[in-house]
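Listed here are the chains, written in short residue letters.
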Amino acid sequence: MLALADSSLLKDAPYINGEWVRPADADLLPVTNPATGAELVSLAQAGREHAVAAIEAADAALPAWSALPGKERSKRLRDWYDLIVANVDDLARILTAEQGKPLPEARGEILYGAAFFEWYAEEAKRVYGETIPAPSPDQRLLVLRQPIGVCAAITPWNFPMAMIPRKAAPALAAGCTMVLKPASATPLSALALAELAGRAGIPPGVFSVVPGRASVVGDELVANPIVRKVTFTGSTEVGRMLMAKAADTIKKVSLELGGNAPVLVFDDADIDVAVQGAVASKFRNMGQTCVCANRIYAQAGIYDEFVERFSKAVSALTVGDGFDEGVEQGPLIDEAAVQKTEEHLSDAVAQGATVVAGGSRHALGGTFFQPTVVSGATPSMLVAHEETFGPLAPVFRFETEEEAIKLANDTEYGLASYFFTRDNARIWRVGEALEFGIVGVNTGIFSYEGAPFGGVKASGIGREGSHHGIDEFLEIKYLCVAGISA
């Protein structure tokens, strides 16, 4: 059905301790293509007993895996990377089929995710310790950095492949083992990665995938005392609940949560660059990203010109099935996503906003929605305070730099932000004043495996990517050795 070169990459069951587990009485879940509604597989969901088995297998595999020299762990991760790259076309077709994004965008996601295995294959060899000058001549003080232990990862549906290497690569590089629960809407990319992990020589138990209900599998991963670290990407609401549950067993947590990203376009900006950046940020994955532009602020002097050019560019975006040639915008993930977009749009229009591009469901039907721009947005509207997670771009007006910073920071979230200017002094002033973990200056795309990704405030805890990412999976141990003097 998907015309895969290697059909064995399409799996329909949990991967536990190096084996595919499909019980005869499994709870079945149809995984469908959001563009067509066609069923791709009937997935055997993991139950609580499968989550426990995967955790226990990870615990059993931990001593041998963590004892492997970093150079050997590096080789296995590099082999995993090479297999992903070699199978990028099949993996992209699986991703587009289950998630809906256009095939070229899916291919880009595969290669972006793979890059984390390449990066952390190198970092596995660079987990360094320290020596500290001792206060006494008969002592030596050492600091070791050791793997935290068994880790659990819970990943979202909007980037079903890329979010996995961001967590698994540093965890395995550090010497940890991992049990992954992918989103129920998009489990197939995770299972394909598990198949390639086995081929790459990742030992049984080191990496398991248990797709299943959050209330069953997710709860077990967070509550089980064997698990010492939970890493989660998803909504702030769910992140708060996971953090509270993890507190019972004092687990370390990394949380990459919701956002409400502002884009500031100043009078001195290059308008063409700002339009290109705003489109790239807002409409990537149909607006279904945690770092996509949610609020666009244009300064009064260029407001009308920006709205005109921006709406023209948005109107030119091609909507359709992600497998069709030239498509730039696929479907939204489900009906609930469409309804939330409609709710935010209706609220904005009711409060005086003007639709200047799009404005309704697409003629293709289903969960397709027109890329939409509204002008005249105001702070009282839902779009100013809630994350839309859909292809709706509201444009607000501001007068001064101080006002822009205040409006941008007026949110509980602090993941990503963007601004466009040609004033070098303003770059420093605004960049330092924005209360966000990531700031894009004159660009709408900033993700890179060698840079730290994460937010502040209600957008999360911890960082993924760069050398900081591996620290999230390491504990610090201090050794005080006495009796050195004769």
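Everything below is about the structure printed above this text.
Cut-offs applied
Residues numbered from 1 in each chain as written. Predicted model: local features only at pLDDT ≥ 70, side-chain atom pairs only at ≥ 80, totals over all residues. Heavy atoms only, no water. Core = buried A, V, L, I, M, F, W, Y, C linked by side-chain atoms within 4.5 Å. Buried < 20%, exposed > 50% of the residue type's maximum accessible area, 1.4 Å probe, protein only. Contact = heavy atoms within 4.5 Å. Pairing = 2+ DSSP bridges. Helix = DSSP H or I, 4+ residues; strand = E, 2+ residues; numbered from the N terminus. Axes fitted to C-alpha atoms, helices over the stretch in contact; angles between N-to-C directions. Expected span 1.5 Å × (residues − 1). Bend = angle between axes of the 7 residues up to and from the residue. Salt bridge = Lys/Arg side-chain N within 4 Å of Asp/Glu carboxyl O.

1. Section: the nonpolar core
Note on soluble globular proteins: their nonpolar side chains tend to be buried together.
Move 1: Grouped together as the largest cluster of nonpolar side chains are 62 residues, with contacts concentrated most on Trp80, Ile84, Leu172, Met178 and Phe207.
Move 2: Ignoring sequence-local partners within four residues, the contact set of Met178 consists of Cys151, Ala153, Lys167, Ala168, Ala171, Leu172, Val206, Phe207, Ser208, Thr231 and Phe473.
Move 3: Core analysis: the next-biggest nonpolar cluster, separate from the first, contains 33 residues, Cys290, Val291, Val307 and Ala393 among them.

2. What about the sheet that holds strand 12 (residues 261–265)?
Move 1: Reading across from one edge, 14-15-16-13-12-18-19 is the order of the seven strands in this open sheet, with mixed pairing throughout. This sheet does not close on itself; its edge strands, each paired only once, are strand 14 (354–357) and strand 19 (438–441). Direction aside, the axes of adjacent strands within the sheet are offset by 25° on average.
Move 2: Examined bridge by bridge, strand 15 (residues 372–377) and strand 16 (residues 392–398) share four bridges and lie parallel to one another. Residue pairing for strand 16: Val374 is matched across the bridge by Pro394.

3. Details of the environment of Pro104
Move 1: Within the element layout of this structure, Pro104 appears in helix 4 (residues 103–123).
Move 2: Each C-alpha atom, one on Pro104 and one on Trp65, is 36 Å from the other, the two residues being 39 residues apart in sequence.

4. Structural notes on the pairing of strand 13 (residues 293–299)
Move 1: In terms of burial, strand 13 is a largely internal element, seven of the seven residues being buried.
Move 2: Where strand 12 lies against strand 13, five bridges are found, and the strand directions are parallel. Counted as the bridge partner of Leu264 is Tyr297 from strand 13.
Move 3: Looking at chain direction, strand 13 and strand 16 are connected through four bridges and run parallel. Looking across to strand 16, one finds that Ala298 is bridged to Arg397.

5. Structural notes on helix 1 (residues 48–67)
Move 1: When the terminal C-alpha atoms of helix 1 are compared, their 29 Å separation across 20 residues agrees well with the 28 Å that a helix rising 1.5 Å per residue should span.
Move 2: Along its length, helix 1 reaches its greatest deviation from straightness, about 40°, at Ala61, and the proline Pro63 lies no more than four positions downstream.

6. With respect to the pattern of salt bridges
Move 1: Overall, the coordinates contain 29 salt bridges when judged by the stated rule.
Move 2: The salt bridge involving Asp79 is made with Lys75; its shortest N-O contact spans 2.9 Å. On the criterion of helical spacing, the pair formed by Asp79 and Lys75 is a turn pair, its members being four residues apart in helix 2 (residues 70–86).
Move 3: Across the pair Glu435 and Lys457 runs a salt bridge whose closest N-O atoms are separated by 3.3 Å. Pair noted here: Glu435 is in the loop between helix 14 (424–433) and strand 19 and Lys457 is in strand 20 (residues 456–457), with a separation of 22 residues, a long-range link.
Move 4: What makes Glu435 partly exposed here is its relative accessible area of 39%.
Move 5: When salt bridges that share partners are traced, they join Asp6, Lys11, Glu195 and Arg199 into one network.

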